[in-house]
Structure formats: C-alpha cells, structure tokens
Amino acid sequence: MSAPVPTGLAPGAVLGILGGGQLARMMALAAADLGIRCHVLAPEGDNPAFDVAARHIVAEYEDEAALATFAEGVDAVTYEFENVPAATAAFLSQRKPLHPGARALAVTQDRLSEKRFVSELGLDVAPFRAVDSLGDLEAAVAEIGCPAILKTRRFGYDGKGQVKIAPGSDLAEAYDAIGRFPAILEGFVPFVREVSVVAARGLDGAFAAFDVCENEHRDHILAFTRIPANLTETASKAAIEAAHRIGEALGYVGVFAVELFVLEEAGTERIVVNEIAPRVHNSGHWTSEGAQTSQFHQHVRAVCGFPLGSAERRGRVEMENLIGEAALRWQALLAEPGAHLHLYGKREARPGRKMGHVTRVTPERP
Ligand code: AMP
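Residues numbered from 1 in each chain as written. Predicted model: local features only at pLDDT ≥ 70, side-chain atom pairs only at ≥ 80, totals over all residues. Heavy atoms only, no water.

This part covers the sheet that holds strand β8 (residues 183-187). Reading across from one edge, β5-β8-β6-β7 is the order of the four strands in this open sheet, with antiparallel pairing throughout. Sheet topology places β5 (128-131) and β7 (162-165) at the edges, where each strand pairs with a single neighbour. In this sheet, neighbouring strand axes are inclined to one another by 20 degrees on average, regardless of whether the strands run parallel or antiparallel. Bridge count for β5 against β8 is four bridges, and the pairing is antiparallel. Paired with phenylalanine 128 across the strands is glutamate 186, a residue of β8. Most of the contacts of helix α6 (residues 134-144) go to β5, to which it runs at about 170 degrees, and overall it touches β5, β6 (148-152), β7 and β8. (Pairing = 2+ DSSP bridges. Helix = DSSP H or I, 4+ residues; strand = E, 2+ residues; numbered from the N terminus. Axes fitted to C-alpha atoms, helices over the stretch in contact; angles between N-to-C directions. Contact = heavy atoms within 4.5 Å.)

Structure (structure tokens):
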C-alpha cells in the first residue's frame, strides 16, 4: 500500500487524534469551531478529550484492529504526544495522511537523534555524548565535565528520566537511577532564562510563529508562561529563525514548540536549543486569548491543509498552570475580572497533575 497523498480537507471532515489528554481536548474544541469533527483514540484511563470528541475508541496504540477502525472513520490523523510508537505512525500513515509526519516523530522521540539533527542545522545545543554503558558515562563525564545531566534518550518529560551529575557524584548510582536505559550526557547550560517558540508550518510550507515566550518551571513542571519574553530583539529573531529552520528541515506540518535556554555572555544573549516538541505545547496555551489565532486552531488549520491564521499577540499575556489542588481556586479565578479559566475536566487532582490553566491578557498601551 502506498502512502496517500496529503490533500487539504474541508469543513465537515473528520480529524483523528491519538491521545486523550488536555491537549487533544483543546484541539477537538478548536476543530469544532472550524466545522471539523474529531475522533479520539487513547488507552483506558482518565481521558478528558473523550468529553468533547464526536467519537472515541479505547485501545492501546499497538492494537492494529482498533487502529484500522479508527483510520477508516477519519480523513486525517494527528496526535497530542510525541511518543506515538513508530509502528503505529507507519500503520496509520499508510491509510490516512498523518501530520506531523513520521520523520518529526523519529527525530524528536530520541534525545540523541534530536541533538544531532539540531546541531547539524548549525544551531547551538548543550555539549552531549551518547551513553550506552557505565564506561561511556565515565568517558563522557571526563570529556564534558561537571555539572552535567544524564537523561534517558526516550520517554523523558517534565524532568523525568534525568539525573544531575555533580563533581564527585557516584556515576554507577546515577546510571542505575535512570534504569541503565540508553542515555545521553548533556553539559549543564548556565542559562539565565528559559524561553520557547511555538510555531506552525502549513501543508503549503507557510510558516507562522507566535511571539517568543518566557517559561518559569517549578519542580520541573511549567508553572508560568509570560509574553513578551525578556529577550533582546536579536535573540528573539534568532529563536524564531531557529524554529523556522527546524520546521523546514523536518518538512513539518502542524504546530510545534522549540524550547530554548538563554545565556548571557559578554553582555549579549545567546540561545541554545534544549528540545523540540512535535505537537501543541503547554507554553502555547496563552494563545487561546492572547493571540489572534490559538495554537489549537492553528494546529487544526495546518493539519487540515487550511491557510494558517495570524499569530499576532493581543497584549501582554501571562499563563498560569493550575497544578494539583491549585485548581480548587476555580471560584476565585472565575470571580477575577479578565482571568480566563480553562479546566480540563480531569477526575482526580493528584499532586503534580496539570488540572487546568488561566490566562490573563493586558492590552499594551501605545
Ligand atoms: P528537559 O526534559 O530536557 O526539557 O529538561 C527539563 C528541565 O531541566 C529544563 O527545562 C531545564 O530547566 C533543565 N535542564 C535540562 N537540560 C539542561 C541542561 N543541559 N542544562 C541546564 N538545565 C537543563
């Protein structure tokens, strides 16, 4: 079977989404605005996207019978998370257009291939070495120096699968701590700020980036995003240009995020790419009220082959994540003028769990 040629859809079409979390939920809500119905496939669990999807299928991502049924009912497929198994992506892309494509997944699922890809584009990344044994780790620490961070190559997020290595750290213990999985060692980047670029590339190659945003993490989880970022015009342009180059090189279709570190060196700012997320991203949630087109609408536009919308900002924006019990503040947030509350409808507010977010937009005075 040869891969179907990607063609633009029209309102009335059905978009399939892999994954049933809040990102899929917000994508499905945006799709509905554009007259697109969504079918969601996700394994058993608390799947808030099911509440707003025209149809849902509960199945493992490896269940080919379920994937075949899913593919039959949709006109194109997208996903809300980067760990879609390669075989699943291949199976679906032989049946229906899959955006973003298999290459974006392959490059970004593995921190080693991602770092190599980004540095081959001529963009700065942290110094890195592949680690497949304790011997590799010892050699890598000797070459890169300390402090450094040992990260599993696959399935890491929100600081999981990572351990910091300080001078004198027991390397065997550190390797055990990440389960002795294939890993990379990264030199520690002495950043002053973390920023990200959320951008979209259309089926026709059009590119639209939202303004660079500044991210504040707490306990390895995004706590606040603020726009505009505290960044020079030059660094801001370089960050957006980095995202443009990455999107082109991947032949990307859809919304993606590039997370960057900002360093201050000799009075100038330098940006270093940390990672690429081939999906809508938490640091883009501010766009729902803070930009002319939200990242969710933009993603649906891109993967359906519609023209991209304006990414222009509507003012100064702050997005606050509601983690765990913070969502219990919902009444106070609803009473706050100008606060836009988004709750994900998750059943249980476990600590560290993203339950919702709130955006605040302040018009910029001329
Ligand atoms: P990651 O899962 O790669 O996004 O890493 C999670 C967080 O760990 C980042 O947002 C940074 O705050 C920190 N971090 C990751 N890699 C590095 C690095 N090479 N140098 C300094 N901090 C890092």
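Here the narrative resumes.
Close contacts around the ligand come from 16 residues, with Lys151, Gln162, Glu186, Val189 and Glu194 the closest. Contact between the ligand and glycine 187: a nitrogen atom at 3.0 Å from a main-chain N or O atom of the residue. At 2.5 Å, a side-chain N or O of glutamate 194 approaches an oxygen atom of the ligand. For the ligand, the accessible surface in isolation is 470 Å², of which the surrounding protein chains cover 92%. For the shell around the ligand, the secondary-structure elements that each account for two or more residues are β6, β8, β13 (254-265) and β14 (268-277). Broken down by class, the residue content of the shell around the ligand amounts to six nonpolar, four polar and six charged. Split by domain, the residues of the shell around the ligand number at least three in each of domain 2 (127-187) and domain 3 (193-362). (Near = heavy atom within 4 Å. Polar contact = N/O pair within 3.5 Å; in protein donor to acceptor, adjacent residues only side chain to side chain. Areas by Shrake-Rupley, 256 points an atom, 1.4 Å probe, with all protein chains shown as cover. Nonpolar A, V, L, I, M, F, W, Y, C, P; charged D, E, K, R; others polar. Domains from an automatic or database assignment.)

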